[in-house]
Amino acid sequence: MGLQITKRVSVNVTILDLQGRIIIGSGNDSLAAELRRLAEAGPSDVLVNLAGVAQIDSSGISTLVRSFVTLERQGGGLKILNPTGHVKEVLELTRLIHSIPAFTDEAKAVAAFRGGVAHA
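Residues numbered from 1 in each chain as written. Predicted model: local features only at pLDDT ≥ 70, side-chain atom pairs only at ≥ 80, totals over all residues. Heavy atoms only, no water.

**Focus: the sheet that holds strand E2 (residues 13-22)**
The cut-off we apply is this: Should DSSP find at least two bridges between two strands, the strands are regarded as paired. We count a stretch as a helix when DSSP gives it H or I for four or more residues in a row; a strand needs E for two or more, and each element gets its number in order from the N terminus.
Pairing is mixed across the open sheet formed by five strands, whose spatial order is E1-E2-E3-E4-E5. Strand pairing shows two members of the sheet lacking a second neighbour, strand E1 (3-10) and strand E5 (102-103), which therefore form its edges. Pairing between strand E4 (residues 77-81) and E5: two bridges, direction parallel. Bridged to Leu81 within E5 is Phe103.

Given below as structure tokens:
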């Protein structure tokens, strides 16, 4: 199973609902391309919903980190929503969950872009 990306907007925050695996190959490439498009459009706030993601590898981690840095430099931001299971373990192991704000509540995550809250 590859990666399916569904894009929606809530209060000027682009939410990417992901379903599948973020691993080297077309899944990671499509996520990187979507995040690059958002970054190229100007300062963007992006919430990456990982609830439907079963696996992430080093290429997926790299894509999240690169996009986080790029969006922050442009005055936007990237936050993570609902990492679970193996994905949450990987994010904890790499300590990425402490660097990129992670949330379990979508409303709080969206509000954090406006309020500057680090973690909820």
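**Comments concerning helix H3 (residues 85-93)**
Stated formally: Buried, partly exposed and exposed residues are distinguished by accessible area as a fraction of the type maximum, computed with a 1.4 Å probe on protein chains only: under 20%, between the cut-offs, and over 50%, respectively. By arc we mean the arc of the directions from the helix axis to the C-beta atoms, nothing more. Here, residues are in contact when the closest pair of their heavy atoms is within 4.5 Å.
Turning to H3, its buried residues are Val87, Val90 and Leu91. Down the axis of H3, the sector holding all buried residues measures 95°, keeping them to one side. Opposite the packed face of H3, turned more than 90 degrees from it, sit the exposed residues Glu89 and Leu93. Contact partners of the buried residues in H3: strand E3 (45-56), helix H2 (58-73) and E4.

**Re helix H1 (residues 26-40)**
Inclusion rule: In this scheme, a helix's expected span is set at 1.5 Å multiplied by one less than its residue total.
For H1, which comprises 15 residues, the first-to-last C-alpha distance of 21 Å matches the rise-based estimate of 21 Å (1.5 Å per residue) to within 8%. Of the positions making up H1, those classed as buried are Gly27, Asn28, Leu31, Ala32, Ala33, Glu34, Leu35, Leu38 and Ala39. Elements in contact with the buried residues of H1: E1, E2, E3, H2 and E4. Where H1 ends, the next residue or the one after it, Gly42, has phi of about 115°, a positive value.

**Looking at the side chain of Thr63**
Mapped onto the elements of the fold, Thr63 is located in helix H2. Classification of Thr63 by relative accessible area gives buried; the value is 1%. With near-sequence residues (within four places) excluded, Thr63 lies in contact with Asn28, Leu31, Ala32 and Leu35.

**Observations regarding unusual backbone geometry**
A positive phi angle, close to 55°, is found at Asn82, a residue other than glycine. Within the secondary structure, Asn82 sits in the loop between E4 and H3. In this structure, Arg95 is a non-glycine residue whose phi angle is positive, near 65°. Assignment of secondary structure puts Arg95 in the loop between H3 and E5.

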